[in-house]
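Geometric and topological summary
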Amino acid sequence: MTLSATARGTDLKGRTALITGAASGIGAACAMSFAEAGAHVLVADRDADGAARVAASIGGEALVIDLGDLDALAAGTFDADILVNNAGIQTVAPIVDFDPLVFRRMLDIMVTAPFLLTRAVLPGMYARGWGRIVNISSVHGIRASEFKSAYVTAKHALEGLSKVTALEGAVHGVTSNCLNPGYVRTPLVEKQIADQARVHGIPESEVIEKVMLVESAIKRLLEPGEVADLALWLCGDTAASVTGASYAMDGGWSAR
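This one's a predicted model, so the numbers in the text were calculated from it and none came from an experiment.

Once that is clear, we can look at the packing of aromatic side chains. Under the counting rule described, the total for this entry stands at three aromatic pairs. When the ring of Phe 98 is compared with that of Phe 103, the centres are 6.0 Å apart and the planes differ by 85°; the resulting orientation is edge-to-face. Judged by its relative accessible area of 27%, Phe 103 falls in the partly exposed class. Directly above the aromatic system of Trp 130 lies the positively charged group of Arg 15, at a separation of 3.7 Å from the ring centroid.

Here it is as C-alpha cells:
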C-alpha cells in the first residue's frame, strides 16, 4: 500500500510551489508529490506541451520559461512559498574539447537562474515568515567525475548558493537545502549514455554498469519518486530546523 503525502505527515494546503524542469523526470515527480500534499504547483519548463500535460494531470498551472534567458528571468515576477530549483542540462566532454559557450549556458541554467528565482521569491517568503527552497543538486555537487567540468562546477556552485540562502533566510523562517542524488532514471541521464560511451570508449550497453554505477554500493538507478519524497519531507513541519544541509542519495558513492 502506498501512503498519500498527507498520510506521510506533509500537509502543504494553502502553499504555492514553483518547480523548474517540471515537465519530466524529478521535477514532474516533485510536482505530483507536492500537489498530492495539497500545494498549488507552478509547473515551470521551457517544454510548453510537457508543462501543460503535467499541470493538467495534477490540477496545477503551467509556466513556460526559458531559464537560459537571464534578462527575461531577472525582469519576471515570481512568488511562491516553495521553490524547487530542479532544471538542468548535461554535456559530457573533456575540458580541452569543452565548448566555452556550452559551459557558460550550463552555469546560466543551473546557477544564475536558481539565484534569480531565489532572489525573486525571498521577499514574499520573508513577508510571510515561511519558505522552503529545495535545490536539486547531485552527487556531483560533492564529488567530481571526469568529462563533466561544467556540470560539476555548476552543482558545486549551487551548494554554495543554497548554504548562503540558508544563513540569510533562517531569521525569516526560510530554509534552504540541497538534494544530492546519484544517477536517476530520467531523460537527462538517458540522453548522456551515448556521450559517456564515446568518451570512455565502451559500448552504450555497458555505460550504466561500468560508468554510472561503478562508485555506488547499491547497484541500481534511483527513481524520480524517491528524490521527490525527500524533497517533500524538507518542505514539511518536521523539517523546520533542517537548513543548509546536503542530503546524499547516491547509493553509497560519497561514502568512499
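Having seen it, we continue.
Moving on, we come to the confidence of the model for the protein. Atom-level detail of predicted coordinates should not be read off regions where pLDDT is low. Scored by pLDDT, the protein comes out at a mean of 95, with 97% of its residues at no less than 70. Put simply, helix 6 (residues 187-191) is where the protein has its lowest mean pLDDT, 82, and strand 4 (residues 82-85) is where it has its highest, 99.

Further remarks concern the state of the cysteines. Tallied over the entire structure, the rule returns zero disulfides. Here Cys 30 stays free of any disulfide, with the sulfur of Cys 235 as its closest cysteine sulfur at 8.4 Å. Cys 235 supplies the cysteine sulfur nearest to Cys 178, a cysteine that is in no disulfide, at a spacing of 13 Å. Cys 178 sits in the buried class, given a relative accessible area of 1%.

This part covers the pattern of salt bridges. Evaluated as defined, the whole model comprises 10 salt bridges. As a salt-bridge pair, Lys 163 and Glu 159 come within 3.5 Å of each other at their nearest N and O atoms. Note that Lys 163 and Glu 159 are positioned in helix 5 (residues 149-169) at a spacing of four residues, about one turn of the helix. Classification of Glu 159 as buried rests on a relative accessible area of 5%. The closest approach of N and O atoms between Asp 195 and Arg 198, which form a salt bridge, is 3.3 Å. Placement of both Asp 195 and Arg 198 in helix 7 (residues 193-200) is noted, with a separation of three residues, approximately one turn of the helix.

Mapped onto the secondary structure, Asp 250 falls in the segment after strand 7 (246-249). Within the local environment of Asp 250, its side chain forms a polar contact with the backbone nitrogen of Gly 252, the two atoms lying 3.0 Å apart. Non-local contacts of Asp 250, meaning those with residues more than four positions away in its chain, are made with Val 139, Asn 180, Gly 182 and Ser 216.

Moving on: the nonpolar core. If you look at the biggest cluster of nonpolar residues, it comprises 37 residues, and the most contacted ones within it are Phe 34 and Val 41. Elements with a minimum of two residues in this core: strand 1 (16-20), helix 1 (25-36), strand 2 (40-45), helix 2 (48-58), strand 4, strand 5 (131-136) and helix 9 (224-234). If one sorts the elements of this core by residue count, helix 1 sits on top with seven residues. Among all residues touching Val 41, those that are not within four sequence positions of it are Ala 17, Ile 19, Ala 31, Phe 34, Ala 35, Ile 58, Gly 60 and Glu 61. Formed by 27 residues, the second largest nonpolar core is a distinct cluster that contains Ile 65, Leu 67, Phe 98 and Val 111.

Our next topic: unusual backbone geometry. The phi dihedral of Phe 147 falls on the positive side, at around 75°, and the residue is not glycine. Looking at where Phe 147 falls in the secondary structure, it is placed in the loop between strand 5 and helix 5. Its relative accessible area of 23% is what places Phe 147 among the partly exposed residues.

Burial analysis of strand 1 places four of its five residues in the buried class, which makes it a mostly covered element. Of the strand pairs in this sheet, strand 1 and strand 2 are connected by five bridges, and their pairing is parallel. Looking at the pairing, Thr 16 lines up with His 40 of strand 2. With helix 1 bridging strand 1 and its parallel neighbour strand 2, the resulting β-α-β unit is right-handed. With three bridges joining them, strand 1 and strand 4 adopt parallel strand pairing. Within the sheet, the bridge partner assigned to Ile 19 lies in strand 4 and is Val 84.

The rules we used
Residues numbered from 1 in each chain as written. Predicted model: local features only at pLDDT ≥ 70, side-chain atom pairs only at ≥ 80, totals over all residues. Heavy atoms only, no water. Phe/Tyr/Trp six-rings, centres within 6.5 Å; stacked < 30°, edge-to-face > 60°. Buried < 20%, exposed > 50% of the residue type's maximum accessible area, 1.4 Å probe, protein only. Lys NZ or Arg CZ within 6 Å of the ring centre and 35° of its normal. pLDDT = per-residue confidence, 0-100. Helix = DSSP H or I, 4+ residues; strand = E, 2+ residues; numbered from the N terminus. Disulfide = S-S within 2.5 Å. Salt bridge = Lys/Arg side-chain N within 4 Å of Asp/Glu carboxyl O. Polar contact = N/O pair within 3.5 Å; in protein donor to acceptor, adjacent residues only side chain to side chain. Contact = heavy atoms within 4.5 Å. Core = buried A, V, L, I, M, F, W, Y, C linked by side-chain atoms within 4.5 Å. Pairing = 2+ DSSP bridges. Right-handed = clockwise from strand over helix to strand, strands pointing away.

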